Each structure stands twice: as C-alpha cells, then as structure tokens.
Amino acid sequence: MAELYSYTVGQLAELIRRKQVSPVEVTKSVLDRIDQLDGRIKSYVTVSRDEAMESAQEAEKAIMAGKYLGPLHGIPISLKDNVLTKGILTTYGSKVLSDFVPTYDATIVERFKQAGAVILGKTNPHEFAWGVFSPPTKNPWDLEGDPGGSSGGSGAAVAADLAIASIGTDTGGSIRIPASLCGIVGLKQTYGRVSKFGVMAHSYSLDHAGPMTKNVEDAALLLQAIAGWDPKDPSTANVPVPNYSRALTGKIRGIRLGIPKEHFYADLDPEVQQAVEKAINVLQRLGASVEEFSMPHLKYGLAAILAVELTSSTTYHARYMKRINEYQPDVRTLVELGLFMLATDYLKAEQLRRVLINEAREAFKRVDVMITPTEPITAWKTGQATIKIGAKEVSVLDASWRNTFPYNLTGLPAISVPCGFSKAGLPIGLQIAGKPFDEETILRVAHAYEVNTDWHLKKPSL
Amino acid sequence: MDQEVGKNNLTEGPVVSRRAVLQILATFGVLGGGMFLTLAPGAETAELSQETVKRVAELAGVELTEARVKELAPAVKGIHAEISKLRELDLSDIDPVTIFSLEKEKW
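Residues numbered from 1 in each chain as written. Chains lettered and ligands numbered in written order. Predicted model: local features only at pLDDT ≥ 70, side-chain atom pairs only at ≥ 80, totals over all residues. Heavy atoms only, no water.

Participant: Give me the lowdown on the overall build of chain A, citing residues and values where you can.
Facilitator: Helix and strand content of chain A: 14 helices and 13 strands. In summary, chain A has a C-alpha radius of gyration of 20 Å against a globular reference of 23 Å for 462 residues, a match within 12%. The principal-axis extents of the C-alpha atoms in chain A amount to approximately 60 × 60 × 45 Å. Considering chain A as a whole, with its 462 residues, one finds that 69% of them fall into the buried category. Long-range contacts, defined here as pairs at least 24 residues apart, represent 78% of the contacts in chain A between residues at least 6 apart. (Helix = DSSP H or I, 4+ residues; strand = E, 2+ residues; numbered from the N terminus. Rg over C-alpha atoms; globule rule 2.2 N^0.38 Å. Buried < 20%, exposed > 50% of the residue type's maximum accessible area, 1.4 Å probe, protein only. Contact = heavy atoms within 4.5 Å.)

Participant: Can you tell me about the interface of chain A and chain B, naming the residues and giving the values?
Facilitator: Contact residues are listed per partner, giving 49 residues for chain A and 42 residues for chain B. In total, chain A and chain B occlude about 4300 Å² of area from one another, counting both sides; carbon and sulfur atoms represent 73% of this. Between chain A and chain B we count two salt bridges in total. Notably, a salt bridge pairs Glu336 of chain A with Arg68 of chain B, separated by 2.7 Å at the nearest N-O pair. Our enumeration of links across chain A and chain B arrives at eleven residue pairs in polar contact (both at pLDDT 80 or more). Those elements that provide at least two residues to the side of chain A that touches chain B are helix H9 (301-317), helix H10 (329-337), helix H11 (343-363) and helix H12 (396-402) of chain A. Grouping the constituent residues of the side of chain A that touches chain B by class yields 32 nonpolar, seven polar and ten charged. (Buried area = accessible area lost by both parts, 1.4 Å probe. Salt bridge = Lys/Arg side-chain N within 4 Å of Asp/Glu carboxyl O. Polar contact = N/O pair within 3.5 Å; in protein donor to acceptor, adjacent residues only side chain to side chain. Nonpolar A, V, L, I, M, F, W, Y, C, P; charged D, E, K, R; others polar.)

Participant: Can you tell me about the pattern of salt bridges, naming the residues and giving the values?
Facilitator: A side chain with one charge can pair with a side chain of the opposite charge if their charged atoms come near. The final tally for this structure, using the stated rule, is 25 salt bridges over all chains. Arg193 of chain A serves as the salt-bridge partner of Glu439 of chain A, at 3.3 Å between the closest nitrogen and oxygen. Taken as a pair, Glu439 of chain A in helix H14 (residues 439-451) and Arg193 of chain A in the loop between strand E5 (185-188) and strand E6 (208-213) lie far apart in primary sequence, 246 residues in all. Here Glu439 of chain A falls in the buried class, since its relative accessible area comes to 0%. Taking the relative accessible area as the measure of exposure, Arg193 of chain A reaches 3% and is therefore buried. The partner of Glu66 of chain B in a salt bridge is Lys54 of chain B, and the shortest N-O contact between them spans 2.6 Å.

Participant: Got a sec to walk through the sheet that holds strand E8 (residues 289-293) of chain A? Specific residues and values, please.
Facilitator: All names here are of chain A. In spatial order, the strands read E1-E3-E2-E4-E6-E5-E12-E13-E9-E7-E8; together these eleven strands make up an open sheet with mixed pairing. Each having just a single partner strand, strand E1 (44-47) and E8 make up the two edges of the open sheet. Adjacent strand axes in the sheet meet at a mean angle of 30° when their direction is disregarded. The pairing of strand E2 (residues 76-80) with strand E3 (residues 118-123) spans five bridges and is classified as parallel. Opposite Ile77, over in E3, you have Ile119 as the bridge partner. Packing of helix H4 (residues 107-114) onto the sheet brings it into contact with E2, E3, strand E4 (165-170) and E6, and relative to E2 it is tilted by some 180°. This element, helix H7 (residues 216-226), spans E4, E5, E6 and strand E12 (414-421) of the sheet and lies at about 145° to E6. (Pairing = 2+ DSSP bridges. Axes fitted to C-alpha atoms, helices over the stretch in contact; angles between N-to-C directions.)

Participant: Go over the nonpolar core with me, naming the residues and quoting the values.
Facilitator: By size, the foremost hydrophobic cluster in this structure holds 85 residues, and its most contacted members are Phe128, Leu310, Tyr327, Phe340, Leu352 and Met370 of chain A together with Leu86 of chain B. When neighbours within four sequence positions are excluded, Leu352 of chain A is seen to be in contact with His297, Tyr300, Gly301 and Ala304 of chain A together with Leu86, Leu89 and Leu91 of chain B. Among the nonpolar cores identified, the runner-up in size contains 84 residues, and Ile108, Ala219, Ile252 and Ile428 of chain A belong to it. (Core = buried A, V, L, I, M, F, W, Y, C linked by side-chain atoms within 4.5 Å.)

Participant: Provide a residue-level description of the packing of H9 of chain A against helix H5 (residues 66-83) of chain B, including the pertinent values.
Facilitator: Contact pair H9 of chain A / H5 of chain B: the axes reach a minimum separation of 8 Å and the direction vectors enclose 130°. Relative to H5 of chain B, the element H9 of chain A is oriented oblique. Residues Leu302, Ala303, Leu306, Ala307 and Leu310 of chain A of H9 of chain A form the contact with H5 of chain B, whose participating residues are Ile79, Glu82 and Ile83 of chain B. Per-class residue counts for the contact of H9 of chain A with H5 of chain B are seven nonpolar, no polar and one charged. (Parallel < 35°, antiparallel > 145°, perpendicular 65-115°, else oblique.)

Participant: I'd like a rundown of unusual backbone geometry, residues and numbers included.
Facilitator: Residue and element names in this part refer to chain A. The omega torsion across Gly149 and Ser150 is 15°, close enough to zero to call that bond cis. Positive phi outside glycine occurs at Ala129, with the angle close to 55°. Relative to the helices and strands, Ala129 resides in the loop between E3 and helix H5 (152-159). Here Ala129 falls in the buried class, since its relative accessible area comes to 9%. Phi is positive for Phe437, close to 60°, though the residue is something other than glycine. Secondary-structure assignment places Phe437 in the loop between strand E13 (427-433) and H14. Residue class for Phe437 comes out buried when judged on its relative accessible area of 12%.

Participant: So, the pairing of strand E10 (residues 386-389) of chain A: which residues are in play, and what are the values?
Facilitator: Residues and elements named next belong to chain A. The side-chain alternation of E10 yields one buried face, formed by Ile387 and Ile389, and one unburied face, formed by Thr386 and Lys388. Where E10 and strand E11 (residues 392-395) come together, four bridges link them in antiparallel fashion. Opposite Thr386, over in E11, you have Ser395 as the bridge partner. Here E10 hands over to E11 after two residues, with Gly390 in that stretch at a positive phi of 60°.

Pasting the structure below:
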C-alpha cells in the first residue's frame, strides 16, 4: 500500500467513507511528509498542525458516528496565504502582514469546513500575488527551478504530496502557471462562480480562487464544495451549480476543439509544441474534431491587462502605501506604477475586454472548448530572466502569462492538465478553456484526456 | 492630467531614453524582454519628465523622494508605451465591462 499522502481526494474519500482509513491517519501522514520535505521545498508559510489534527479527530469521530459529510470529509488541504483563515496567520507573502491573524474565515474556507475538510496550513504566494521575484518555494521537479506563481506554494505542495489538494488564486494565470510548471491540475473557473469574500484582493475584476489538485476528478470535487452564489460577494453569480463529477464520463465524441489562429501558439518551446500536438491527437482519437478560430484583438491583450491590473492593484494597496518601503522592490515598483495609469486607458482596457468577450462568443458558436499550451515554456531556473526559444530570447515573465491572461480578461473558465515532460524532465501543461459557467465541459474533456494518458501519475523524485 | 503625461507637455527635466527605460525595467524585473520588443513605435524618441512623474505622484497623494522619482520615471515611460497601444483602437461603440457579469450575457 502506498503512503497515504500520495493519494488523491477521490481515492481517500472512498477509503474514509468505508472507514478503512481514518482522517487522523491521513492528516498525520501529510504532516509527517511536510516535516520531512518542506525544509527543502518551502511551500508553506504556516503549517497549522494543532488545528489540523484537531479537525481530523473531529472528522474521525463524526464518521465513526455515522455522520459522513461527503468526499471532502477528513481530507487535508492547504490554502494560498491570501485566503483569510480565522485564527491562523495570513501574511499574503508580505512583511507588511507578517503578524496578521484574521478574525473570520473566507467563504471558501467556511464551505470547506462545512464539508468536513481539514485545513493543513497556508502556502507561499508571491508577495501580494504580484511581482516577479518568486518566494523561496522550489519546484519539486527541479529544486533549482521556479514553481511559477503566484500560487507557487500550492503548486509545489500538491506536486510534492505535501497536501492532498490546495486552493490557489488566479489574476493573470496564477493557478494555471504553477499547475503547468509543477505537473498538476489547476482550475480557474468562470469569474463569479466561486466567492472571493475573504480572499485578499489583487485586481478585483480579474481575481479568481480555485482548485489545484493531483487530478481532474479532485478539481471537480473541490469546485463542487466551493462553487455557488454568495450573498457576501456581489461578484458571484446566482447560477445553478451542476454535479461536476457526473460530467466526468470519459466520453468526448463530437466535441469540437478550437485551436486559436493568433497569440497562443507563437514562440513555443518545441518540446511544448510537440506535447500539445500529441495531446490534441489523443483527443481526436477519442472522437473530438478540430476547428480553428480567431481572436484578432488579443494582440492588445497585454496592454489591457496591464492597465486593469496595475490600476486596480494600486487601488487595493492604498491602505499600505505608508509602509511601501517594506515591500519587495519589484512589487513596490508595480504598485507605484499603478499611480500613473490614466483613467481613460483603464476604461479603454475595459472596452477591449468587451471586444474580446464578443470574439470569444463568436468562436464558441463553432467550437466547444479552446485548446492551447498553458505555458509556452517549461520551468525556468529561479532568478532566470530570459529563456531561449529557438533563436529567439524571450522574457520568462512575458512568456509565463501570455497564454493564461486572456481567460482572466474574458472571465472564461480554463483548466491546466499535465500533458508531457521535456527531455530535462520538466512538466508541460495543456490548457482547456470553455464557455462561461460551463466548467462541466472543460472538466469532461480534461478528464477524458487524463484517463487516456498517464502524465498525472508521475511523481518527482524527492 | 492626461495632458501632463502626454508627449507634447514633457519638456522639463532630463530626457529618458528607451535604453534607460529598458535598463531600469530589467533591473526591477518589471517587464520582460519579450515585452520590450513590443514597445510602441515612437517610444524610442518620446520624452518623459521626472518633474511630471513627481507632480502626478503628488496629485495622487504619494510622496516620492528625488531618487525614487529618478528610478521610477523610466518604468512609467515603459508602461505607458505598452498601454498606449490601446489608444490606436477605435472602440467608441463598445460599452466597457464596468459591471462584469457573464451570466447576464447571451452565449
């Protein structure tokens, strides 16, 4: 029998439901793994050991008393350190908040607790989910490599079996980038599908909180627990939440895969291109067809996301402006840059978002999902600023969010699943995006791909 | 405000070259090389006054030291060069996504 820390949510849920495994055993197994490895991986800011063991004991008692709550009952999960947790230190990766202990839980934490989940602790983000310099977290596939961000702690923790699953946040790609670079599944659902109440803001209309997991089934299970309208968050949508696990049929015959003509396939690492082409072939063999589509205004996307993100992030940071000297230099610069955005440029960017949404709507008349590489490159070395793609030298920062930010601008759901490895042994991610509130279809396609490949089963040697 | 940041009103203070913009941005890691390549045409010759940066910061209620103004001016210039691409577009008939609610839109 494999160690319990290496199991998925789905596997453990079945064992816990049958009372073959106790939540206490599972939680202890993961905490021991953290003790053993996190000194090297540095994925956690805070491990809430006592609270986790207490929750696990409560879950065990409840289950033994016949009060099983469902698939997250007794499952140890971690949260990015910008999700408010009552009584647990929440730093947002910043010295400025080094002693901040929230007095209430974010809605997603409340929902996890209602589902019986065990909160393991808080994972390392980029400072304020912004900036360029990574936190100390290492990529489990290459300890000199970058895990990506800004949810790099969550990505590394799940990849290294230091959490059964985790929650990240995504403003320009911060769930999907580390998911791709760390070889796990990352889901950014539709804007408005999951409450952000108690999730510390970065950029109000771009922010999402979502699952980072070992497989697609687990992403569906976590989304099920946190999705739905929240009266405390006016940005949430009152749209019915379907049963996501039922979408995981393995059947995708007749699904139309959209391949974008612009933007996403430019300047790809050849190994990424090859892996994604093979993935598309797998999906075609399963009965999907391929259709090209166009979003010509994406060439203005970078300008638009910079205008929106800089402006709204700086608005959030007004409260800490007097302590800006304590920020990391890159984050400080970005926050200060937001002061110089013109309101007219900001609104032009919001107009462009409407244009992009219209172009996506047109595309979705002919396709069911959009298929792209999640990242044009694999994990770079920590501190590396540029990377060679063929003869071209590109910035890792520029490349890292190029394929992910379009789905923050449009609010569309997108998932990253592992689809291969480079010759250097670094993970490659496939991104599948869909229509608003149609997470079922992207989960269905991702799951069908996953059960016909074994990339998600590979583990780093640690 | 927009006139003050515009090209035609930036005659005070030292001229910031594109090269300096790139060096500063690279130092701070604010923007990557790929983005440098996409700087708007004309960015190379545009000027940005440190005095303007200081004045805009003051209007925003933020105190910047002279040294910080000097550091920040090229970065402001670089970001404006990128964002100015949006100004090429005629989006006069497009409503901005001021209230972002995808569920109310028909798909």
